[in-house]
Amino acid sequence: MASNSLDELLFKQDLILSKFKDFGGLVNLHLVTKKDYLVGSYDIVREGLWQMDIPTGWASPTVLLIFTPPIALYVKVYGRWTDQLGLQKAAAYGKKTTTPLNWWWRHGLCSQKQQQGKDSLEMETDKYLKIMEELTSNAHEIQEKLLEEILKRNAGTEYLKGYLHGQADKKLFKENVPISTYEDSMPYIDRIANGESSDILLADPIKFLCNYTGTTGGKRKLIPYTAESLDKMCLQQILAEAVMGKYFDGLDKGKGMYFFFASPEVETPCGLMESSYATTYFKSSGFENSVAKICTSPVETILCLDSQQSMYCQLLIGLLQRDQVLRVGTIFASALVRSIKFLEDCWKELCFNIRTGRASDWITDAGCRNALSSVLTEPNPELADSIERACGGQSWQGIVKKLFPKTKYTGVIVTGSMSQYIKILDFYCGGLPIVSGYYSCSEAVCGINLKPLSKASEVSYTFLPNMAYFEFLPVKEDNEKLTQESRETENKNEDIEPVDLVNVKLGQCYELLVTTLTGLYRYNVGDVLMATGFHNNAPQFRFIERKNVALNLEFEKTTETDLSRAVTDAEVLLEPLGFLLIGHTSYADTSSKPGHYVLFWELKIPGTSDMPKLDPKIMEQCCSTVEKSLNFQYGIHRKYGVIGPLEIRVVKYGTFDALMDFYVSRGASITQYKTPCCIKLEDAINVLDSKVVGRYFSPNTLY
Ligand code: AMP
């Protein structure tokens, strides 16, 4: 039995209403609560019989229709289950349910006029924390049922048929279905995009093809998304929100200044839309009726495809509501830093707009102008003065706190490659807690951070067992100690078996594999995670790195973690000078012999956009510190001259924004943008090279 999207339920609501209309009179409702919501399995945990008076013509305001995805209710009307009536995940009746109605309203599942009474945020928080407890306590059971459901629905697809011969058998799945990468799914996805039926890969109808231009891996990928994928994204947000409600009081009394940006959508030859998941989410009623309601940025500004106009208007509208702002954020740290830097460039113009009550003429986007027209209604010289005082002060240290004094935390992901933004965010946000709320990828929603106040280096994500069937492929750790020989055998360890979610070992690193209802089977996401603990029976993972080797000239295999650690060691040398490293990336330069590593660094003296005066000696020391911190294999190759001295190229202020613009121009979404730790694309290297202001090398005789 396929489950429905919550989005579709509103439509279904009309369906069931019309069915009831036909019956009229007293109807027996047989309600069955389903434990593993959104999983598609049908465990009956509670059953009850209610009576409901359905007047002919269905006009009674006394009967409330609500939908309950966390505890899905199935309705039996005159012996027929609602799914036979065309409804799978819905229910009626308000009297006996404990579901807070305003939740359903906030999440777009019933209309505003159905909202009755107000449940406090605390009650909602408690409710979702309880759901979290239930999910994590039953992790194994839920995973097993989810896999069963995925196979039941998809065993007959062309992809799986070759391995399972049509049998929805978990044992066969483990024995026969190989670990896959995007390249394995790509031919099927391409065929679907070109018009073949999607059931060659998955049974559920595809809602859109989620595209992402992985700036980390560099390749553009398309992942099928079903209505259920969007439900899962919404659920993750709601659960993460409940966790925030537990740690920060009164969040419902104000707004979040979240910077979100949509990216362009295109239609595939078969008429399916190709879109980033963030864009589709921003356009969904789930977003409109939940996060958008607490967000200072109106949806029209988020959907504006001109990123300058969108960012400008989101800043302007946020500043106009500054007294209501209780949190500031976006998804990944890079977009927040970009937005604050943009504010640094345009605060005078923003103040002029606020002072005069008139928007700048270059804001031409109809949606943005419309959004501004309802908030920029009159001159507000007091507000303009106050913003000018904050922005025109000596330093921009703590500017977020100065402009938005009620802010309780900054909500952005700063784990993994985003950790390079922690220092600059600490500077701008004046020590506000920086919360990395969740971990997910275009392929699947994965986990949430149950301890939002942990330091970035200690953040772990608790996996949600109802999101995807997760497996973990153990990886060898401690690259420092590996010899060339062991690195080669490491590559041959295909016989290492993946382990299930609940069987991971603490302290062990794994590559994440996901099996989903969207046609990914034992798909290697390319992330390396370390198991750090359990919450109930669900494991928690620290994000370690993207799997791809960052730099590799002579089989020395420098990973993202190696590089990041080495750069952090060198960065210490800049601190006494008051410089911040606000962007870095790398590439392996093989244009000369021997090849060598090139790091691009953007440096900044906080509060000014002037170029810092660099001392060549210190920069040389930075080069050698990076080299000394790199792995053993790098050292050997460098010692024998197989790899040349490492080079740091310092680039002009704003270069990493230009790099982001470059990727955005090629289809990447600003919201999902992650600065690549290593660049292979020549055009991107050219963008950086065109802005180099100084080149520094490690001494030849380092080793
Ligand atoms: P995207 O598909 O564009 O959303 O990118 C997903 C990738 O971003 C993941 O595979 C990770 O590599 C990275 N990512 C997502 N969430 C986090 C997180 N909380 N911490 C570190 N990296 C993350």
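Keep in mind that this is a model prediction, so the values were computed, not measured.

Turning our attention to the site of the ligand. Of all residues adjacent to the ligand, which total 17 residues, the nearest are Tyr277, Thr415, Tyr438, Ser442 and Asp527. A distance of 2.6 Å separates a nitrogen atom of the ligand from a polar atom in the side chain of Thr415. One nitrogen or oxygen atom from the main chain of Ser440 is found 3.5 Å from a nitrogen atom belonging to the ligand. Starting from 490 Å² of accessible surface for the ligand in isolation, the protein chains cover 94%. Sorting the residues of the shell around the ligand by element identifies β15 (438–441), β21 (523–535) and β22 (538–546) as the ones contributing at least two each. For the shell around the ligand, the element with the highest residue contribution is β15, accounting for four residues.

What follows deals with helix α20 (residues 616–629). Helix length check: α20 (14 residues) gives 20 Å between terminal C-alpha atoms against 20 Å at 1.5 Å per residue, within 8%. Burial in α20 covers these residues: Ile618, Met619, Cys622, Cys623, Ser624, Val626, Glu627 and Ser629. Structurally, α20 contributes buried residues whose contacts are with α19 (560–571), β24 (596–604), α21 (632–639), β25 (647–651) and β26 (692–697). Where α20 begins, the capping side chain belongs to Asp615, and its oxygen is found 2.8 Å from the backbone nitrogen of Lys617.

We now examine the packing of aromatic side chains. According to the stated counting rule, one finds 27 aromatic pairs in the structure shown. Ring centres of Phe173 and Tyr469 lie 6.4 Å apart, and the angle between their planes is 75 degrees; on these two criteria the pair is classed as edge-to-face. Here Phe173 is found in helix α6 (residues 170–176), whereas its partner Tyr469 is found in strand β18 (residues 469–475), with 296 residues between them in sequence. Its relative accessible area of 0% is what places Phe173 among the buried residues. Take Tyr469: its relative accessible area is 1%, and that puts it in the buried class.

Bringing helix α22 (residues 655–665) into the picture now. Counting buried residues in α22 gives eight out of 11 residues, a clear majority hidden from the surface. Turning to α22, its buried residues number three or more, namely Thr655, Phe656, Asp657, Ala658, Leu659, Met660, Phe662 and Tyr663. Packing partners of the buried residues in α22 comprise α13 (333–356), β23 (580–589), β24, β25 and α23 (682–689). Looking at the residues trailing α22, positive phi occurs at Gly667, about 110 degrees.

Thresholds applied
- Residues numbered from 1 in each chain as written.
- Predicted model: local features only at pLDDT ≥ 70, side-chain atom pairs only at ≥ 80, totals over all residues.
- Heavy atoms only, no water.
- Near = heavy atom within 4 Å.
- Polar contact = N/O pair within 3.5 Å; in protein donor to acceptor, adjacent residues only side chain to side chain.
- Areas by Shrake-Rupley, 256 points an atom, 1.4 Å probe, with all protein chains shown as cover.
- Helix = DSSP H or I, 4+ residues; strand = E, 2+ residues; numbered from the N terminus.
- Expected span 1.5 Å × (residues − 1).
- Buried < 20%, exposed > 50% of the residue type's maximum accessible area, 1.4 Å probe, protein only.
- Contact = heavy atoms within 4.5 Å.
- Phe/Tyr/Trp six-rings, centres within 6.5 Å; stacked < 30°, edge-to-face > 60°.

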